[in-house]
Amino acid sequence: MLYRTTDLSDVLYSQIIAQERKRRKFAGPIMTEFKYLLYKTHELEKNGILPEDLGYLFGELRRHGITIIKITEKTLPEYMYLYNILPETTLTIAATDQTLTELAGLPAASVGYKTSVYPSEGLYQADILVEAFWEVDYYFLERIYQRKHNIPWRVIETKRCYLREMTLSDLPGLFCLYQDPDFSRYLEPLYSWNEEVEYTKAYIENMYRYYGFGMWLIKDRFTDELIGRAGFNLIKWQGKQLLEMGYAIACAYRKQGYATEVCQALIAYAKSGELAYSKLYCFVQKENLASRLFLEKLGFALCERCVRDGKEMLVYRHILTGN
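Within any chain, residue numbers begin from 1 and follow the written order of that chain's sequence. At least 70 in pLDDT is required for a residue's local features to be given in this predicted model, at least 80 for side-chain atom pairs to be given and counted, and no such filter applies to totals for whole chains, interfaces and linings, which use all residues. With hydrogens and water excluded, all non-hydrogen atoms of the structure serve as input to the side-chain values.

1. Notes on the pairing of strand 7 (residues 161-164)
Residues in a regular strand point their side chains to alternate faces of the sheet. For the exposure calls, accessible area comes from a 1.4 Å probe over protein chains only, and a residue counts as buried if that area is under 20% of its type's maximum, exposed if over 50%, partly exposed in between. Strands are runs of DSSP state E lasting at least 2 residues, helices are runs of H or I lasting at least 4, and numbering of each runs from the N terminus. Taking every second residue as pointing to the same face, both faces of strand 7 are buried, with Cys161 and Leu163 on one and Tyr162 and Arg164 on the other. Pairing analysis gives three bridges linking strand 6 (residues 154-157) to strand 7, with the strands arranged antiparallel. Bridging across to strand 7, isoleucine 156 finds its partner in leucine 163. In this scheme, strands are said to pair when DSSP sees at least two bridges between them. Taken together, strand 6 and the strand that follows it, strand 7, pair antiparallel across an intervening segment of three residues.

As structure tokens, this is what we get:
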């Protein structure tokens, strides 16, 4: 059974949403937040019962405060309008192209469910495709939701810091950091402002969105101040693709254990299997004695010497597996 949007045109629905946003601005700004999971009963349920994996997932979502809404008759836009739900607060699990078509043009996240009940459905409009939900949890769906709304992932938490993806709004703070010659001495310089904006746009799209990792910002958990950069890069070296760790801490935060705290968390993240690499590398300029000693303290071992970008570099390696 398929539904068509007959009672509510796309134009009318857009007007209603605009009016709702205008009304709500007097009560404060609207925050993009994952609040509702929607699905159509005829797509996911059999004789009124959910598959076991979805049942477990929905139970977890409820524990995180997500409202589960099952729709039996109306289209998604009709239901959202009737119950005053903004589409940007929702994520829909859809097993048919018709359901995804109803979301077209709306700022709503979606997961396409490839099921044998609807084998011919392409689900190309979904943000991601899933064949089963045993390995899907709240945090997985939250990240799909965040990607939809360009919300940067907060990836790693430490005792005093957190690491998150960069956005264009972070560039002024980044330029301020790089103005300190002691901070940027062993780092590649930033481009000019306009070039760096374009580079950052491409990096977000091609590194964060495609690989799910990259160089992140280090933020103070208590003040939210930008205190450095750290993360991972993929590099080509000796005909192989390697995982490289990078880090830089603002001078005001050095010699207080921040670098150790952050880099130990990075190594643990790499060991967790999230990145699927067995070795982690660092390329350090020969003159950077402080970083060389620091890497050895972290368990890295010197394995090679090379020239990179015209500079003599020492190559350090950390074995991630078997420890």
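2. A look at the pattern of salt bridges
A side-chain nitrogen of Lys or Arg and a carboxyl oxygen of Asp or Glu constitute a salt bridge if their distance falls within 4 Å. Taken as a whole and judged by the stated rule, the model has 13 salt bridges. Here glutamate 45 ties to lysine 70 by a salt bridge, and the two come within 3.7 Å at their closest N and O atoms. Highlighted residues: glutamate 45 in the loop between helix 2 (41-44) and helix 3 (52-63) and lysine 70 in strand 2 (residues 67-71), separated in sequence by 25 residues. Residue classification places lysine 70 among the partly exposed positions, given a relative accessible area of 47%. Of the charged contacts in the structure, one is a salt bridge between arginine 164 and aspartate 170, with a shortest N-O distance of 2.9 Å. You'll find arginine 164 and aspartate 170 in the same group, each marked buried. Three or more residues are tied together by salt bridges with common partners; here these are Arg154, Glu157 and Arg221.

3. Quick look at the packing of aromatic side chains
A pair of Phe, Tyr and Trp rings is counted when the ring centres sit within 6.5 Å of each other, with Trp represented by its six-membered ring. The angle between the planes then sorts it: under 30 degrees is stacked, over 60 is edge-to-face, the rest tilted. Scanning all chains against the criterion turns up 22 aromatic pairs. Taking 5.9 Å as the distance between ring centres and 45 degrees as the angle between the ring planes, the aromatic pair formed by tyrosine 56 and tryptophan 134 counts as tilted. Residue tyrosine 56 is found in helix 3, and its partner tryptophan 134 is found in the loop between strand 5 (128-130) and helix 6 (138-148); the two are separated by 78 residues along the sequence. Here the two residues tyrosine 56 and tryptophan 134 agree in accessibility, since each one is exposed. With a centroid separation of 6.0 Å and an interplanar angle of 55 degrees, the aromatic rings of tyrosine 211 and phenylalanine 213 are classed as tilted. With a relative accessible area of 38%, tyrosine 211 lands in the partly exposed category.

4. Comments concerning the packing of helix 7 (residues 171-178) against helix 9 (residues 193-211)
An axis is simply a line fitted to the C-alpha atoms; with a helix, the fit covers only the stretch in contact. Between two such axes, the angle follows the N-to-C directions and lies from 0 to 180 degrees. The contact between helix 7 and helix 9 brings their axes to 12 Å, and the two run at 120 degrees. Comparing their axes, helix 9 and helix 7 come out oblique. Helix 9 is crossed by helix 7, and the crossing has right-handed handedness. For the pair helix 7 and helix 9, contact is made by Leu171, Pro172 and Phe175 and by Trp193, Glu196, Val197 and Thr200, respectively. Note on residue categories: nonpolar means Ala, Val, Leu, Ile, Met, Phe, Trp, Tyr, Cys or Pro, charged means Asp, Glu, Lys or Arg, and polar means any other residue, Gly included. Residues belonging to the contact of helix 7 with helix 9 are distributed by class as follows: five nonpolar, one polar and one charged. Each angle is binned into one of four classes, with values under 35 degrees roughly parallel, values over 145 roughly antiparallel, values of 65 to 115 roughly perpendicular, and all other values oblique. We call a crossing left-handed when the near helix sits turned anticlockwise from the far one by less than a right angle, and right-handed when that turn is clockwise. Here a residue-residue contact requires only that any non-hydrogen atoms of the pair lie within 4.5 Å.

Shape is all these values report; function is a separate question.
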